[in-house]
Amino acid sequence: MFPVSELMGLFDGPRLALSLALSIIAGGLAFWQGALTASGWAAAVVVGTLTAGLGGWDWGMLVIVFFASSSALSRFGERRKAKLAVGQWEKGSRRDWGQVFANGGIVSALAVLQSMRISPWPWAAALGVLGTVTADTWATEIGVLSRSQPRLITTGRRVAAGTSGGITLLGSCAALSGAALIGLSALALGFILYPVARPWALPAALVGGVAGVICDSLLGATLQAIYRCPQCGAETERRLHSCGTATVKVRGWPWLNNDAVNALSSVAGAAVALVVALAYRAA
């Protein structure tokens, strides 16, 4: 256990205060543009302040890379997405507090560990988390626009666009690109901000992100709670379908919704990224 005085000495007060101010402003802009709900804004302030304020500016910059790219892609092909998958997805394009914490809460916790200097490796785990959530978001936002019908990752059976666990070649390429963006950004930030580069950043984010998004698809196809609308017969993640009819659970665990799947996949991505970084260091 750290003495309170020693623990407080690990925090950078000015950076923490500036991170709070910037998080409020950035979250407010996202709320104004329709990317966040009010609860999502509040959660983004918490995540942004802890991540940049305790982890460092490189941590904060990578969160911005994830959120900015994901928000931009959520608007790409927006009309077609609304027609294709609005009935399947549990939530819309405006992220609420659950989505924000599912995507960024683990990174914030790792930033706290980083500030305590308990281990030199929280950054590697964070790259796996950010690689995973970026890969997953890119795969969803781009993959749903694929001209090819998705196939369930477990059986190869063709499913409707937006179905949990459904994958396409376009979506898989998007996932790989999203994870690579996090790795390349981390690599660039390492060269800019630190005298000693961290060359393992790219493979850690890339491999961790791909592993995490595969875990996400597997959970979505097997254990995630999926419901069926008795009125129109469509499968959905929602307890209340877009047509206004209460749905009936057809498979999965009731507590394992999309946010829980994202969080568990992030943990898997973090673990794989950490293994990759340690292996790279030992080689």
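Residues numbered from 1 in each chain as written. Predicted model: local features only at pLDDT ≥ 70, side-chain atom pairs only at ≥ 80, totals over all residues. Heavy atoms only, no water.

A. Expanded view of helix H4 (residues 57-75). An ideal rise of 1.5 Å per residue puts 27 Å on 19 residues; H4 measures up with 27 Å between its terminal C-alpha atoms. Buried within H4 we find Asp-58, Trp-59, Gly-60, Leu-62, Val-63, Phe-66, Ser-69, Ser-70, Ser-71, Leu-73 and Ser-74. (Helix = DSSP H or I, 4+ residues; strand = E, 2+ residues; numbered from the N terminus. Expected span 1.5 Å × (residues − 1). Buried < 20%, exposed > 50% of the residue type's maximum accessible area, 1.4 Å probe, protein only.)

B. Representation of a nonpolar patch on the surface in the model. A cluster of nonpolar side chains, Leu-18, Leu-22, Ile-25, Leu-29, Trp-32, Trp-57, Phe-191, Ile-192, Leu-193 and Tyr-194, forms an exposed patch at the surface whose accessible area comes to about 1100 Å². Residue assignment for the nonpolar patch shows that the elements contributing at least two residues are helix H2 (13-32) and helix H8 (169-193). Among the secondary structure elements, Trp-32 is positioned in helix H2. Exposure remark for Trp-32: the relative accessible area of 68% places this residue in the exposed category. (Patch = residues over 30% accessible without salt bridge, like charges linked within 9 Å, V, L, I, M, F, W, Y side chains within 5 Å. Areas by Shrake-Rupley, 256 points an atom, 1.4 Å probe, with all protein chains shown as cover. Salt bridge = Lys/Arg side-chain N within 4 Å of Asp/Glu carboxyl O.)

C. View of the nonpolar core. Formed by 27 residues in total, the largest nonpolar core has its most connected members in Trp-59, Leu-62, Trp-123, Leu-127, Leu-130, Ile-182 and Trp-200. For this core, the secondary-structure elements that each account for two or more residues are H4, helix H6 (97-116), helix H7 (122-143), H8, helix H9 (201-222) and helix H10 (258-282). Take this core: its biggest share by element is 8 residues, from H7. The contact partners of Leu-130, leaving out residues within four places of it in the chain, are Leu-62, Val-63, Val-107 and Ile-182. Residues Ala-43, Ala-44, Val-47 and Val-100 belong to the second largest nonpolar core, which totals 7 residues. (Core = buried A, V, L, I, M, F, W, Y, C linked by side-chain atoms within 4.5 Å. Contact = heavy atoms within 4.5 Å.)

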